[in-house]
Amino acid sequence: MQQTRRGRAQLSLDSPLAAVLAALAAVVLSTLLIYPLRQVADAESLGVFYLLGVLVVSIYYGLWPGLLTALGSVLAFNLFHIPPTGRLEVAKSEDWVALGVFLIAALLASSIAEQSRARAREAEQRRQEADLMALLATDLLGGGSPPQTLGSAGDRLARAVGLSWAQIASGPVEREDAVSLPLERDGMRVGALLVPRDTEEGMVERLRTRILPALTPLLAAAVDRERLTSASVEARALRRSDELKTSILRAVSHDLRSPITAIRTAGEALESENLEHADRRQLAASVSSEAERLAGLVDKLLDLSRLEAGHAQPRRDWCSIEELVG
């Protein structure tokens with residue numbers, strides 16, 4: 001509630017009516033201040049007090065309220081302090097010179113104050129934009145992926161420049177209620193900034209000339225970092241997969257050689273003519289057993305390759321908890 005009241009008060013102080021009232025108040029106060037000082041100085045030399053009001057109004061409200069204050073000051077100076085008072089006429093030629101010099105000085109003071117006000121406003125906007133870019137760099141390059149950080153970055157940009165909303169996209173996005181400002185680097189499009197379609201042309205030009213040149217490299221760096229991170233993760237996964245395959249092959253190499261050696265030995269023994277029938281049957285059974293064992297190892301290796309390729313279908317079955325723990 002207090003923030004709403006403050007916003008209304010600020011709005012009323014910045015309104016055209018407030019500027020007119022401020023100009024009128026400056027003229028009235030300057031006119032009243034000169035009256036007691038006329039006892040110690042000439043009225044013509046006291047017109048400089050009106051310049052103070054012109055400067056104050058110009059600095060706070062701008063050029064046109066300052067010009068209005070300058071014109072009102074000339075009229076009030078002539079009406080109340082230059083003889084004949086009470087009438088808008090000048091009796092002496094030197095008073096015309098005084099009024100002319102005062103009007104020129106007031107106009108120059110108002111113009112200079114407006115230039116200073118514009119430069120201060122420009123400097124404040126530059127400072128806000130620099131702070132915005134620093135915060136956007138923290139959002140986009142702070143470690144999160146672009147899809148996770150672009151939403152908050154767009155909201156922060158909208159609050160900084162006074163828009164109802166803004167969206168930063170790293171890919172093609174189309175919205176009927178938005179104006180799309182492309183983000184391009186070296187002739188390649190890296191994203192887009194979307195703002196409301198009813199955004200003023202001056203604000204769009206400010207975004208295009210001052211915000212986009214700083215935002216584009218930040219978004220490009222965030223996209224490149226995400227791509228490099230994904231490539232690094234994939235490379236680590238491939239390296240671990242290769243290490244796992246090497247470890248498995250080393251582990252099963254002995255198991256593969258054992259049945260092959262047993263089959264070879266049994267086969268050589270079967271070639272002997274002096275081998276008894278019982279021994280021959282035992283060797284044949286050994287060959288058959290080792291062959292089955294070898295086939296089982298080969299099947300497990302094939303199953304492992306299918307698991308790594310993602311083509312194996314799971315088969316649910318009851319199993320013993322003791323076996324799983326073991």
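Fair warning: this is a prediction, and the values are worked out from it, not measured in the lab.

Peer 1: Which residues make up helix 4 (residues 63–80), and what are the values?
Peer 2: Between its first and last C-alpha atoms helix 4 spans 25 Å; for 18 residues at 1.5 Å apiece the expected length is 26 Å, and the two agree. Buried within helix 4 are the following residues: Pro65, Gly66, Thr69, Ala70, Ser73, Val74, Ala76, Phe77 and Asn78.

Peer 1: Residue-level account of the side chain of Thr216, with values.
Peer 2: Mapped onto the fold, Thr216 is located in helix 7 (residues 201–270). With relative accessibility at 6%, the residue Thr216 sits in the buried group.

Peer 1: An account of the packing of helix 2 (residues 16–37) against helix 4 is requested, with residue identities and associated values reported.
Peer 2: Here helix 2 crosses helix 4 at 30°, and the two axes come no closer than 9 Å. When the axes of helix 2 and helix 4 are compared, the pair comes out roughly parallel. Note that helix 2 runs across helix 4; the crossing there is right-handed. Residues Ala19, Val20, Ala23, Ala26, Val27, Thr31 and Tyr35 of helix 2 pack against Pro65, Leu68, Thr69, Gly72, Ser73, Ala76 and Phe80 of helix 4. Class assignment for the residues of the contact of helix 2 with helix 4 results in 10 nonpolar, 4 polar and no charged.

Peer 1: Can you explain the nonpolar core? Please cite residues and give values.
Peer 2: Leu136, Leu157, Ile168, Leu193 and Leu207 are the most contacted members of the largest nonpolar core, which has 27 residues in total. Per element, the largest residue contribution to this core is 10 residues, and it comes from helix 7. In this structure, Leu207 is in contact with Leu157, Val161, Leu163, Leu181, Val195, Leu212 and Pro213, ignoring residues within four places of it in sequence. Core analysis: the next-biggest nonpolar cluster, separate from the first, contains 7 residues, Val27, Leu46, Ala76 and Phe77 among them.

Peer 1: Tell me about the sheet that holds strand 3 (residues 188–196), and please be specific about residues and values.
Peer 2: Reading across the sheet, the 3 strands line up as 1-3-2 and stay open at both edges, with antiparallel pairing between neighbours. Unpaired on one side and paired on the other, strand 1 (167–169) and strand 2 (178–185) mark the two borders of the sheet. Averaged over all pairs of adjacent strands, the angle between their axes in this sheet comes to 20°, without regard to strand direction. Inspection of the sheet shows strand 1 paired to strand 3 by 3 bridges, in the antiparallel sense. Each bridged residue has a counterpart across the sheet, and for Ile168 the counterpart in strand 3 is Leu193.

Peer 1: Tell me about the side chain of Thr69, and name the residues and values.
Peer 2: Along the polypeptide, Thr69 turns up in helix 4. With residues up to four places along the chain from it excluded, the contact list for Thr69 reads Ala23, Ala26, Val27, Gly53, Val54 and Val57.

Peer 1: Please set out the environment of Ile168 residue by residue, giving values where relevant.
Peer 2: Mapping Ile168 onto the fold places it in strand 1. Each C-alpha atom, one on Ile168 and one on Leu194, is 6.4 Å from the other, the two residues being 26 residues apart in sequence. Once residues lying within four places of it in the same chain are set aside, the contact partners of Ile168 are Leu150, Ala153, Gly154, Leu157, Ala192, Leu193, Leu215 and Leu219.

Peer 1: Requested: an account of the pairing of strand 3, with residues and values cited.
Peer 2: In terms of burial, strand 3 is largely enclosed, as 7 of its 9 residues are buried. By the bridge criterion, 8 bridges tie strand 2 to strand 3 in an arrangement that is antiparallel. Paired with Leu183 across the bridge in strand 3 is Gly191. Counted along the chain from strand 2 to the antiparallel partner strand 3, the turn is 2 residues long, and its residue Asp186 has a positive phi close to 55°.

Peer 1: Outline the packing of helix 2 against helix 3 (residues 48–61), listing residues and values.
Peer 2: Running from N to C, helix 2 and helix 3 cross one another at 160°; their axes reach a closest spacing of 8 Å. Overall, the two elements helix 2 and helix 3 adopt an arrangement that is roughly antiparallel. Our pair here, helix 2 against helix 3, has a crossing hand that is right-handed. The segment helix 2 lies against helix 3, with Ala18, Ala19, Ala22, Ala23, Ala26, Val27, Ser30, Thr31, Leu33, Ile34 and Leu37 engaging Phe49, Tyr50, Gly53, Val57 and Tyr61. Split by residue class, the contact of helix 2 with helix 3 holds 13 nonpolar, 3 polar and no charged.

Peer 1: Pulling in residues and values, what's your account of the pattern of salt bridges?
Peer 2: Applying the stated criterion to the full structure yields 2 salt bridges. A salt bridge links Glu205 to Arg208; its shortest N-O distance comes to 3.4 Å. Residue Glu205 and its partner Arg208 are located together in helix 7, separated by 3 residues, close to a single helical turn. Overall, the relative accessible area of 40% leaves Arg208 in the partly exposed class. Here Glu290 makes a salt bridge to Arg293, at a shortest N to O gap of 3.5 Å. One end of the pair, Glu290, and the other, Arg293, are both in helix 8 (residues 277–309), 3 residues apart, so they sit about a helical turn from each other. Its relative accessible area of 38% is what places Arg293 among the partly exposed residues.

Definitions and limits used
Residues numbered from 1 in each chain as written. Predicted model: local features only at pLDDT ≥ 70, side-chain atom pairs only at ≥ 80, totals over all residues. Heavy atoms only, no water. Helix = DSSP H or I, 4+ residues; strand = E, 2+ residues; numbered from the N terminus. Expected span 1.5 Å × (residues − 1). Buried < 20%, exposed > 50% of the residue type's maximum accessible area, 1.4 Å probe, protein only. Axes fitted to C-alpha atoms, helices over the stretch in contact; angles between N-to-C directions. Parallel < 35°, antiparallel > 145°, perpendicular 65-115°, else oblique. Left-handed = near helix turned anticlockwise from the far one by under 90°. Contact = heavy atoms within 4.5 Å. Nonpolar A, V, L, I, M, F, W, Y, C, P; charged D, E, K, R; others polar. Core = buried A, V, L, I, M, F, W, Y, C linked by side-chain atoms within 4.5 Å. Pairing = 2+ DSSP bridges. Salt bridge = Lys/Arg side-chain N within 4 Å of Asp/Glu carboxyl O.

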